[in-house]
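# Structural overview
Chain residues, written in single-letter form:
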Amino acid sequence: MLAQSAAHLSRLLLLLLSPPLLAAGIAEKPIPGGLGVEFAKPLDSARHGAETAFVPMMALPDNREFVMPELEPGAILPWRHFTDIVLPRPIRQHAHQSFVMLDHDNHPVRVTTQVNTPGCDKNFDWLKETVSKKYSVRGETEISPSDGYTRQIRIVFIDKQIDMACGPHLLIQYLDFSRLKRWAVAQHKRYQSYERNELDNEKRRMVLDRRRSVQFADAFTLGDRFKLEGAFGIQFDQPFAKNSTQVFPIDVPFYAVLPNLPPQFANGDIQLVIAPDKYPIVIRGTFRQVDFDQVKNALRAKYGTPLKSTDRHVIHKVSSHHAILKKIAADTIEMAFINTVAQAEQRNRLWGQESEGL
């Protein structure tokens, strides 16, 4: 994401350094602003309205190539409804839509108005003559009109310019391109900062998620990431219920009622297989309403990359032990924790019993 942002900045700077200039009238006097704003002065908040994401005449004049920078979520939008615009005298009685673009210090960058006066009548000629005289323009101001317009004039003074077009309506725009470039670079840096923060936040979220997953795994497994010592409070290296007088089956599964199970595993059953010395061989639990993916992520967070992993079956090999997770129904999972050395000894015992006398 940051690499893409850096590439975007490179393209932006390349375009900003050498914007092409098409034919236009050249002003000998500076263009300080227009339509009631001065580029060098911040615009008082009382003079503009709410932010807006859509401006019907947002496109830049075609002599200025520009890549608009990304805005971070929650950023102040640069465009505002312009409620205190000063229209030229002959058109003040007409309805209009007016907008102003502000930089981060509230300096006007662009100001534009769309006046509901169709056609190219004497008012457009008056505008052309007046603005040419005001800024001592050399050369022809009329240029090939943009699509949809009948006539268009353009006056340029270094990085500032005026565009006026007539046709379906009257369009007047003032632009401070140098200030727009500075805003774009500053805004891009803000977006890069946002991306870095998001990346840092994502890393922190990943760390927190992993810690929570490990904590969850620790709630039903014993040992660390390198050693699986048991599960559900039962340890492989200790005889099961060694002080109990109850006689438990040997080498065959039996249900065990275990105390202090985590609340997530209260709705289920646990079976054990123990050796003749009562040491556990297999600890197997079947649980309903336990999320398969949550357990899968917990095992992965604690034990790392599994030996096998599908959307229904996961196997972790932890030293000489296995942790196995299965989804056996939409709302049911099975977990088995196996001492593989003891299981191999069990198979030998059972085979010896099966083949006894032969």
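Whatever comes next refers back to the structure up there.
The sections below set out a description of the structure shown in this document.

Conventions and cut-offs
Residues numbered from 1 in each chain as written. Predicted model: local features only at pLDDT ≥ 70, side-chain atom pairs only at ≥ 80, totals over all residues. Heavy atoms only, no water. Helix = DSSP H or I, 4+ residues; strand = E, 2+ residues; numbered from the N terminus. Rg over C-alpha atoms; globule rule 2.2 N^0.38 Å. Buried < 20%, exposed > 50% of the residue type's maximum accessible area, 1.4 Å probe, protein only. Contact = heavy atoms within 4.5 Å. Areas by Shrake-Rupley, 256 points an atom, 1.4 Å probe, with all protein chains shown as cover. Lys, Arg positive; Asp, Glu negative; His and termini not counted. Charge placed at Lys NZ, Arg CZ, Asp CG, Glu CD. Salt bridge = Lys/Arg side-chain N within 4 Å of Asp/Glu carboxyl O. Phe/Tyr/Trp six-rings, centres within 6.5 Å; stacked < 30°, edge-to-face > 60°. Disulfide = S-S within 2.5 Å. Expected span 1.5 Å × (residues − 1). Arc of directions from axis to C-beta. Pairing = 2+ DSSP bridges.

## A look at the overall build of the protein chain
- What the protein chain contains, in helices and strands, is five helices and 22 strands.
- Against the 2.2 N^0.38 benchmark of 21 Å for 358 residues, the protein chain shows a C-alpha radius of gyration of 38 Å, more extended than a compact globule.
- Each principal axis of the C-alpha atoms in the protein chain carries an extent, and together these give about 120 × 35 × 35 Å.
- With 358 residues in all, the protein chain has 44% of them scored as buried.
- In the protein chain, the share of contacts with a sequence separation of at least 24, taken over all contacts with a separation of at least 6, comes to 62%.
- When the accessible surface of the protein chain is totalled, it reaches about 19400 Å², and 52% of it is carbon and sulfur.
- Considering the protein chain, the positive charge centre built from 45 side chains and the negative charge centre built from 40 side chains are found 3 Å apart.

## Quick notes on the pattern of salt bridges
- Scanning all chains against the criterion turns up 19 salt bridges.
- Across the pair Glu 28 and Arg 138 runs a salt bridge whose closest N-O atoms are separated by 2.9 Å. You can see Glu 28 sitting in the loop between β1 (25-27) and β2 (33-34) and its partner Arg 138 sitting in strand β8 (residues 137-138), a full 110 residues away along the chain.
- For Asp 176, the salt bridge goes to Arg 179, with nearest N and O atoms at 3.5 Å. This pair shows no difference in class: Asp 176 is buried, exactly as Arg 179 is.
- Each member of the salt-bridge network shares a partner with another, and the members are Asp 125, Lys 128, Glu 140, Glu 142 and Arg 151.

## Thoughts on the packing of aromatic side chains
- Going through the model one piece at a time under the given rule, you end up with 14 aromatic pairs.
- Pairing Phe 232 with Phe 337 gives two aromatic rings, centres 5.9 Å apart and planes at 80°, and the pair type is edge-to-face. Remark: Phe 337 occurs in strand β22 (residues 332-339) and Phe 232 occurs in the loop between β14 (230-231) and β15 (234-235); sequence separation between them is 105 residues. With respect to class, Phe 232 is no different from Phe 337; both count as buried.
- On the basis of an interplanar angle of 25° and a centroid distance of 5.3 Å, the ring pair of Phe 248 and Phe 254 is categorised as stacked.
- A residue is classified by how much of its surface remains accessible, and Phe 248, at 13% relative accessible area, is buried.
- Through successive ring pairs, a cluster of aromatic residues spans Phe 216, Phe 220, Phe 232, Phe 265, Phe 287 and Phe 337.

## Here's the deal with the state of the cysteines
- Inspection of the entire model under this criterion finds one disulfide.
- Each disulfide pairs two cysteine sulfurs, and for Cys 120 the partner residue is Cys 166, the sulfurs being separated by 1.9 Å. Linking Cys 120 and Cys 166, the disulfide has an S-S dihedral of approximately 105° and is accordingly described as right-handed. Of the two residues, Cys 120 is situated in the loop between β7 (108-115) and α2 (122-134) and Cys 166 in strand β11 (residues 160-166); the sequence distance between them amounts to 46 residues.
- Using a relative accessible area of 26% as the deciding quantity, one classes Cys 120 as partly exposed.
- Residue Cys 166 is classed as buried on the basis of its relative accessible area of 1%.

## So, helix α5 (residues 340-354)
- In a regular helix each residue adds 1.5 Å, so 15 residues correspond to 21 Å; α5 covers 21 Å between its end C-alpha atoms and thus fits that length.
- Turning to α5, its buried residues number three or more, namely Ala 342, Gln 343 and Gln 346. Down the axis of α5, the sector holding all buried residues measures 100°, keeping them to one side. Exposed side chains of α5 directed beyond 90 degrees from the buried face belong to Arg 347, Asn 348 and Trp 351.
- Looking at the buried positions of α5, the neighbouring elements they touch are β17 (268-274), β18 (280-288) and β22.

## Things to note about the sheet that holds β18
- With antiparallel pairing, seven strands are arranged side by side in an open sheet as β16-β17-β18-β22-β21-β20-β19. Every interior strand has two partners, whereas the edge strands, β16 (254-255) and β19 (308-309), have only one.
- Bridge count between β16 and β17: two bridges; the pairing is antiparallel. Within β17, the residue paired with Phe 254 across the bridge is Leu 272.

## Some details on the pairing of strand β6 (residues 96-102)
- β6 sits mainly inside the fold: five of its seven residues count as buried.
- Across three bridges, strand β5 (residues 79-82) lies against β6 in antiparallel orientation. Opposite Arg 80, over in β6, you have Val 100 as the bridge partner.
- Pairing between β6 and β7: seven bridges, direction antiparallel. Counterpart to Val 100 in the pairing with β7 is Val 111.
- Linkage of β6 to β7, two consecutive antiparallel strands, is achieved through a turn of five residues, within which Asn 106 is found at a positive phi near 70°.

## Focus: the sheet that holds β14
- Read across the open sheet, the three strands follow the order β13-β14-β15; overall the sheet is antiparallel. In the strand order of this sheet, the two ends are held by β13 (221-222) and β15, each with one partner.
- Across two bridges, the pairing between β13 and β14 is antiparallel. Considered in β14, the bridge of Leu 222 is made with Gly 230.

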